[in-house]
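If you want the building blocks of each chain, they are given just below.
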Amino acid sequence: MKLGVVGLPNVGKSTLFNAITCAGAQAANYPFCTIEPNTGVVAVPDERLDVLSEMYHPEKYTPATLEFVDIAGLVKGASKGEGLGNKFLSHIREVDAIVHVVRCFEDENVIHVDGSVDPARDIETIQTELILADIETVSKRLEKAQHLLKNGDKKYAEEVEAAEIVLKHLDGLKPARTAPLSKEQTEIVNGWFLLTSKKVVYAANIGENDVGEGSEDLPMVRRVKQIAKDEGSQVLVICAKLEEEIAQLDPEEKQEFLDEMGIGKSGLDRLVKLGYELLGYISFLTAGPKEVRAWTIVNGTKAPQAAGKIHTDFERGFIRAEIVSYDDLVREGSMAACKEKGLVRSEGKDYVMKDGDVTLFRFNV
């Protein structure tokens, strides 16, 4: 699961990424690793794992994780090779969703690349570059599909129709994710890995003096929210500079600081959780003295495929899943107590997993 962090120069993108990587390194419960200089892996905050750890005192504690990629080099003309150009675009193509950092603060010491702070203009600059790159991709697809259709291959008729709809939409400078496509057409277009098909969360980066009550209603934040609403995207109001400072505190100091500020949860924790939800993921849990762990699956996954996340043999030899809800397990205090009260369910191969299912898979290979 990869989230790409994008933004124009001097909007706070690198500051936010530094906060992400530092948080992963500092939080004792959450493993962190740097895969390469611009990539960091951070745990998805899940209080349920903390509670289960208190119950089982496991040898291992393994939360779900998200990978963040710091994508640099965007300037006007990136779609035509300006700046890092094609390298920048290829990095975006590899991620599952985009965190678009938008500057929503004034600071005369931090020069804006366009000379003034305007969130709507900044969003349009990046979106236009992605749209121009997608127009090129879709045009090539359309040309190829039309050629094959002319030669008598009727199966390309639907691809031609989908490409024409998307191209018209992109020409109107609208992202592919908002194009009016049928379910079948959406499946075709998803195979093209368009940059503007990816889901987006706008990180409205505010100044330190604006943190707290009223931050959601700042004029610049409102502009970002309107754009997000129009295209069905999400917005997270965050202060990257403050998050970088918070990330360097130990867990106890961090919570104390957040409580004093009246924030409750750090913006970073909210961003990680929102990214997880944005991608349509849920977690089922396994718990015992050896390990307490959250396993990532797509919402709608059935029990055998969930078992396959642990080991392919579990899916191949799936017999049943013994499941208890997290709430029932915590309330009763043990799996044995849940069994006595008939709260442990035996589910078969057609069972659709739910978020927070505490699960034991039975299999035979």
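Above this text sits the structure in question.
Please read these numbers as outputs of a predicted model, since none were measured by experiment.

Side note on the packing of helix 4 (residues 119–150) against helix 5 (residues 157–171)
It is at 9 Å that the axes of helix 4 and helix 5 come closest, and there the two elements cross at 155°. The orientation of helix 4 relative to helix 5 falls into the category roughly antiparallel. Seen from above, helix 4 lies across helix 5 with left-handed handedness. Residue-level inspection shows Ile131, Asp134, Ile135, Val138, Ser139, Arg141, Leu142, Ala145, Gln146 and Leu149 of helix 4 in contact with helix 5, the latter providing Ala157, Glu159, Val160, Ala163, Glu164, Val166, Leu167, Leu170 and Asp171. Here the contact of helix 4 with helix 5 is composed, by residue class, of 12 nonpolar, two polar and five charged.

Considerations on helix 2 (residues 47–56)
Along helix 2, the residues classified as buried are Arg48, Leu49, Leu52 and Ser53. The buried side chains of helix 2 occupy one side of the element, clustering within an arc of 140° when seen end-on. Opposite its buried face, helix 2 presents the exposed residues Glu47 and Glu54, each directed more than 90 degrees away. Residues of helix 2 that are buried in the fold lie against strand 4 (60–62), strand 9 (281–287), strand 10 (291–298) and helix 13 (326–332). With its phi angle positive at about 45°, His57 sits one or two positions after the end of helix 2.

Regarding the nonpolar core
Counting residues in hydrophobic clusters, the biggest one holds 67 residues, and the most contacted among them are Leu16, Ile20, Leu66, Phe68, Val99 and Leu271. Non-local contacts of Ile20, meaning those with residues more than four positions away in its chain, are made with Val5, Val42, Phe68, Leu268 and Leu271.

Remarks on the pattern of salt bridges
Under the definition given, this model contains 24 salt bridges. Salt-bridge contacts for Glu322 lead to Arg320; the nearest nitrogen and oxygen are separated by 3.2 Å. Arg320 gets classed as partly exposed once you look at its relative accessible area, which sits at 31%. Residue Glu347 is joined to Arg345 by a salt bridge in which the shortest nitrogen-to-oxygen separation is 2.9 Å. Using a relative accessible area of 29% as the deciding quantity, one classes Arg345 as partly exposed.

Regarding the packing of aromatic side chains
Within this structure, the stated rule accounts for five aromatic pairs. Seen in terms of ring centroids, Phe284 and Trp295 are 6.3 Å apart; in terms of plane orientation they differ by 15°. Their pairing is stacked. With Phe284 in strand 9 and Trp295 in strand 10, this pair connects stretches of sequence that are 11 residues apart. Each member of the pair, Phe284 together with Trp295, is buried. Aromatic rings pair up to connect Phe284, Trp295, Phe318 and Phe361 into one cluster. Here Arg103 stacks its cationic end above the ring of Phe105, 4.4 Å away from the centre of that ring. Sitting over the face of the ring of Trp295, Arg293 holds its NZ or CZ atom 3.8 Å from the ring centroid.

What to know about the pairing of strand 3 (residues 39–43)
Consecutive side chains of a regular strand alternate in pointing toward one face of the sheet and then the other. Most of strand 3 sits out of view: five of its five residues are buried. Here strand 3 shows a buried face lined by Thr39, Val41 and Ala43 and a second buried face lined by Gly40 and Val42. Of the pairings in the sheet, the one linking strand 3 to strand 5 (residues 65–70) comprises five bridges and is antiparallel in character. Bridging across to strand 5, Ala43 finds its partner in Thr65.

Conventions used here
- Residues numbered from 1 in each chain as written.
- Predicted model: local features only at pLDDT ≥ 70, side-chain atom pairs only at ≥ 80, totals over all residues.
- Heavy atoms only, no water.
- Axes fitted to C-alpha atoms, helices over the stretch in contact; angles between N-to-C directions.
- Helix = DSSP H or I, 4+ residues; strand = E, 2+ residues; numbered from the N terminus.
- Parallel < 35°, antiparallel > 145°, perpendicular 65-115°, else oblique.
- Left-handed = near helix turned anticlockwise from the far one by under 90°.
- Contact = heavy atoms within 4.5 Å.
- Nonpolar A, V, L, I, M, F, W, Y, C, P; charged D, E, K, R; others polar.
- Buried < 20%, exposed > 50% of the residue type's maximum accessible area, 1.4 Å probe, protein only.
- Arc of directions from axis to C-beta.
- Core = buried A, V, L, I, M, F, W, Y, C linked by side-chain atoms within 4.5 Å.
- Salt bridge = Lys/Arg side-chain N within 4 Å of Asp/Glu carboxyl O.
- Phe/Tyr/Trp six-rings, centres within 6.5 Å; stacked < 30°, edge-to-face > 60°.
- Lys NZ or Arg CZ within 6 Å of the ring centre and 35° of its normal.
- Pairing = 2+ DSSP bridges.

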